[in-house]
Amino acid sequence: MMSSSADQEPPLSREKTAASYSYENVSGWKGVRFLRIGRGMYHDVRRRLPLYWSDISDALTYRTVASAVRMYFVNILPAIAYTLDMYRRTGEFYGINEGLFSSALAAMVFSILGAQPLTIVGITGLISLFNYTIYDIVTIYEPSIFPNFMCWTAIWAAIFHWIVALCNICDYMRYVTDFSSESFGMYVGIIYIIKGVEELVNEFTTVGHSAGFMSCMIAILYFLSIYGLEKLGSSTVWKAGYRGIFADYAYVFCTIFWVGFSHIPGTLKSTHISFVPITRAFYPTQNRSWLIPFWELDTKWIFAALPFGFLTMLLFYYDHNISSLTAQARQFPLKKPAGFHWDFFLLGCTTFIAGIVGVPLPNGLVPQAPVHTDSLTVYKTHLRIIPTDEGEGAEIRRPVVEAAAVVEQRVSHFVMGLAIIGTMTGPLLIVLHTMPTAVFAGVFFTVGWGSVESNGIFQKSIFLMQENRFVQRGEPLLTVPKRKIVLYIACQLVGVAACVAISQTIAAIGFPVLIIALIPFRVWIVPRWFSQSELDVLDDLTANNDAVLASLGGRPHFPGQAVTESYGLERQYTERRSGAVRQRAGSVHR
């Protein structure tokens, strides 16, 4: 047996089980649910509120401290990277202060008031793409109205958020399976990698070749450093405590080292690479007040912002709810209930506030949200004895890592928000100014590759390319014809390619429609091409925990699927994929 004192389960309210929050236990929910105004929000709060004190008391463990430190870096570094991208492509309207304000606002609201405090909310690469695409469109007609136009886009988006939440429309997210969530995750990963390349290209074009080559070296080595430390954390090298420290604080160690490296005097310093631009503490980047004068915009532009607000809501509807689903995915043994309708209403509130103060609209973070849950997961490592064919008594011992429990609390998210507020102060802004932009290109590569490597599309593709003698016996994918696996991957990649392609054009604001279309495509079209037994192996609900699905109306029933107690198969493939997620996140085998 391989374990440590950290194997002890965290304090958790054991009297509250998943069965206590089953959909059937909530009366008055059947029928046409979108006409039952506010019922979803009401029951979300009703289920979660009795556990509010335990969300605080359960945080009294080392896992919370390590998670807060780790998520501060995992959240703020990509946020600054996206802000730098918007800074260059929106006429320098969105700067570092706006990015920090948005991240802090989201963290404080959702850590205190959210029904799903494990979901990390902040600035995403997709809202960055959305903002500068709108900027490109608006500047064709009247560049000066961009701040007011974005404000009204946020106001309309907030109104649509509130309508969706009140009408229980988040229920349809219960149909999200790995088919759509993996496609979206692959799309996000590819976009992040593209952004990293664009960041380095900018160094070549605006500073010079020496700065460009220096930035490439820092970005690539930064990525490899974090990747190596996180792989170490998910290995069996050294003792659990040592590798745990390296994995938990990989971003801290690597960021400090490579920022210092860029300031070494001599040849390295003479390359004059770019550093993070800053302004006065707690002031907007441009010479304006924090309140956008949205009442000064002409009526025609107010209504012109309406479709953009609707598309923003579509993006957040999928992006934020997918973040919540992956943060509460089936590989995590969660006990506490979810609250999708209430959190989507809160997202409308933060969208409204962000719009009128002129900061990027915060949203659920797809790569970071499951990393947060993973950082709070207590893993147990033990040896699995596997008999061999080499004779009686011959056996192989392999280390197996299993998730034992999750420290379900809201303190780590809250502390992270406080730390971001502290970063907005003058001294820490000066510290940010010492950071080369090349580090943030490395952040794009790290987050992007992490989303690609652990993705089911990538894992299935690797299976197809494996030599037969190295395929594990009992692999569920062996029961599916390879042509069907290829067809399934092709269906996913078509959606990924369409989203990536449209994102590189001025029509990028339309990509939320393509993303949302993945859900009905999986529900109605895919079952026509695959048998139920094949889909049981290839696909599964992203979150199948009854405590999570209770907020969405319970376990869904797909067309042509027999009504059973559970959807999908418990399979080795899922276990290996969950392991890949832990490796990406640098989870510690404690």
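Here we look at the overall build of the chain
Now for step 1: Along its length, the chain carries 23 helices and four strands.
Now for step 2: Across the chain, every contact between residues at least 6 apart in sequence was considered, and the portion connecting residues at least 24 apart equals 83%.
Now for step 3: Carbon and sulfur atoms provide 66% of the accessible area of the chain, an area that totals close to 23,200 Å².

Looking at the environment of Leu51
Now for step 1: On the secondary structure map, Leu51 appears in the loop between α1 (39-48) and α2 (52-57).
Now for step 2: For Leu51, a relative accessible area of 2% puts it in the buried group.
Now for step 3: Through-space distance from the C-alpha of Leu51 to that of Lys336 is 8.0 Å; in sequence the pair is 285 residues apart.

Things to note about the packing of aromatic side chains
Now for step 1: One pass over the full model with this rule turns up 34 aromatic pairs.
Now for step 2: Arranged with centres 5.4 Å apart and planes meeting at 40°, the rings of Tyr82 and Tyr192 form a pair that is tilted. Linking Tyr82 in helix α3 (residues 62-89) with Tyr192 in helix α7 (residues 178-206), this pair joins segments that are 110 residues apart in sequence. The pair Tyr82 / Tyr192 is uniform in exposure class, with both members buried.
Now for step 3: Relative to Phe345, the ring of Trp342 lies with its centre 5.9 Å away and its plane at 25°, an arrangement referred to as stacked. Linking Trp342 with Phe345, this pair stays in helix α12 (residues 340-357), spanning three residues, or about one helical turn.

Regarding the nonpolar core
The nonpolar side chains of a soluble globular protein tend to be buried with one another.
Now for step 1: Leu77, Ile134, Met173, Phe184, Tyr187, Tyr222 and Phe344 are the most contacted members of the largest nonpolar core, which has 146 residues in total.
Now for step 2: Apart from the residues within four sequence positions on either side, Phe184 is in contact with Leu126, Tyr318, Asp319, Ile322, Val366 and Ile515.

Points about the pattern of salt bridges
Now for step 1: Under the counting rule described, the total for this entry stands at 17 salt bridges.
Now for step 2: Salt-bridge contacts for Lys336 lead to Asp55; the nearest nitrogen and oxygen are separated by 2.8 Å. With Lys336 in the loop between α11 (299-327) and α12 and Asp55 in helix α2, the pair connects residues that are 281 residues apart, well separated along the chain. We note that Lys336, like Asp55, is buried.
Now for step 3: Notably, a salt bridge pairs Asp85 with Arg88, separated by 3.8 Å at the nearest N-O pair. Taken together, the residues span about one helical turn, with Asp85 and Arg88 both in helix α3 at a distance of three residues.

Notes on helix α5 (residues 125-141)
Now for step 1: Here α5 is 17 residues long and its end C-alpha atoms lie 25 Å apart, about the 24 Å a rise of 1.5 Å per residue gives.
Now for step 2: Counting buried residues in α5 gives 13 out of 17 residues, a clear majority hidden from the surface.

A short note on the packing of α5 against helix α6 (residues 146-166)
Two numbers describe a pair of packed helices, the interaxial angle and the distance between the axes.
Now for step 1: Interaxial distance between α5 and α6 falls to 11 Å at its minimum, and their mutual angle equals 125°. Between α5 and α6, the angle is such that the two are oblique. For the element pair α5 and α6, the recorded crossing hand is right-handed. Touching Asn131, Ile134, Tyr135 and Val138 of α5 are Phe146, Phe149, Met150 and Thr153, all from α6.
Now for step 2: Its residues assigned to classes, the contact of α5 with α6 comprises six nonpolar, two polar and no charged.

Section: α7
Now for step 1: Helix length check: α7 (29 residues) gives 41 Å between terminal C-alpha atoms against 42 Å at 1.5 Å per residue, within 8%.
Now for step 2: Among the residues trailing α7, Gly208 stands out with phi positive, at a value near 150°.

Notes on unusual backbone geometry
Now for step 1: Unlike most non-glycine residues, Glu92 shows phi in positive territory, near 60°.
Now for step 2: By the secondary structure assignment, Glu92 is in the loop between α3 and α4 (96-113).
Now for step 3: For Phe282, which is not a glycine, the phi torsion comes out positive at approximately 65°.
Now for step 4: Judged by its relative accessible area of 40%, Phe282 falls in the partly exposed class.

Side note on the side chain of Lys336
Now for step 1: The class for Lys336 is buried, based on a relative accessible area of 3%.
Now for step 2: Among the polar contacts listed, one links the side chain of Lys336 to the side chain of Asp55, at a separation of 2.8 Å.
Now for step 3: A distance of 3.0 Å separates the side chain of Lys336 from the backbone oxygen of Glu408, its partner in a polar contact.

A few points about the environment of Ile220
Now for step 1: Along the chain, Ile220 falls in helix α8 (residues 209-233).
Now for step 2: For Ile220, a relative accessible area of 42% gives the class partly exposed.
Now for step 3: Distance in space between the C-alpha atoms of Ile220 and Thr446 is 9.2 Å, their sequence separation being 226 residues.

Details of the confidence of the model for the chain
Now for step 1: When pLDDT is averaged across the chain, the result is 82; 86% of the residues are at 70 or more.
Now for step 2: Considering only residues more than four positions removed or in separate chains, one finds that residues 1-31, a stretch of pLDDT under 50, has 68 contacts.
Now for step 3: Long-range and interchain partners of residues 563-590, a stretch whose pLDDT sits below 50, account for 102 contacts in this model, where long-range means more than four residues apart.

A short note on the environment of Trp342
Now for step 1: Since its relative accessible area comes to 21%, Trp342 is described here as partly exposed.
Now for step 2: Once you skip the residues sitting within four places of it in the chain, Trp342 turns out to touch Met41, Asp44, Val45, Leu113, Gly114 and Ala115.

Some remarks on the side chain of Glu199
Now for step 1: Structurally, Glu199 is set in helix α7.
Now for step 2: Separated by 3.0 Å, the side chains of Glu199 and Arg88 make a polar contact.
Now for step 3: Apart from the residues within four sequence positions on either side, Glu199 is in contact with Arg88, Thr437, Ala441 and Phe444.

A word on the packing of α11 against α12
Now for step 1: Where α11 contacts α12, the two axes come as close as 11 Å, and the packing angle between them is 130°. Comparing their axes, α12 and α11 come out oblique. Here α11 runs over α12; the crossing is right-handed. For the pair formed by α11 and α12, the contact residues are Met313, Phe316, Tyr317, His320, Asn321, Ser324 and Leu325 on the first element and Phe340, Asp343, Phe344, Leu347 and Thr351 on the second.
Now for step 2: Per-class residue counts for the contact of α11 with α12 are seven nonpolar, four polar and one charged.

Criteria and cut-off values
All residue numbers refer to position in the chain's written sequence, counted from 1. In keeping with the predicted nature of the model, local features appear solely for residues at pLDDT of at least 70, side-chain atom pairs appear and are counted solely at 80 or more, and the whole-chain, interface and lining totals rest on all residues. Note: side-chain values were computed over all heavy atoms of the structure, leaving out hydrogens and water. Numbering of helices and strands runs from the N terminus; a helix is a DSSP stretch of H or I covering at least four residues, while a strand is a stretch of E covering at least two. Two residues qualify as a contact provided that any one of their heavy atoms is within 4.5 Å of a heavy atom in the partner residue. Computed with a 1.4 Å probe, the accessible areas rest on the Shrake-Rupley method; for each residue, only the protein chains presented here act as cover. Note on classification: 1.4 Å probe, protein chains only; a residue is buried when its accessible area is under 20% of the maximum for its type, exposed when over 50%, partly exposed between these limits. Whether two aromatic rings pair depends on their centres lying within 6.5 Å, for rings of Phe, Tyr and Trp, where Trp uses its six-membered ring; planes under 30 degrees apart make the pair stacked, over 60 edge-to-face, and the rest tilted. By convention a nonpolar core is built from buried Ala, Val, Leu, Ile, Met, Phe, Trp, Tyr and Cys residues, the set being connected through side-chain atoms within 4.5 Å. Just to be clear on terms, a salt bridge is a Lys or Arg side-chain nitrogen sitting within 4 Å of an Asp or Glu carboxyl oxygen. To estimate how far a helix should extend, the number of its residues minus one is multiplied by 1.5 Å. Fitted lines through C-alpha atoms give the axes, limited to the stretch in contact for helices. The angle between two N-to-C directions lies from 0 to 180 degrees. Orientation is classified from the angle alone, with under 35 degrees giving roughly parallel, over 145 giving roughly antiparallel, 65 to 115 giving roughly perpendicular, and any other angle giving oblique. By the definition used in this description, the sense in which the near helix is turned from the far one sets the handedness, with an anticlockwise turn below a right angle giving left-handed and a clockwise turn giving right-handed. Three residue categories are used. Nonpolar comprises Ala, Val, Leu, Ile, Met, Phe, Trp, Tyr, Cys and Pro, charged comprises Asp, Glu, Lys and Arg, and polar comprises the others, including Gly. Side-chain atoms alone can form a polar contact between residues adjacent in sequence; in general such a contact is a pair of N or O atoms within 3.5 Å, and within protein one must be able to donate a hydrogen while the other accepts it. pLDDT expresses, on a scale from 0 to 100, how confident the predictor is about each individual residue.

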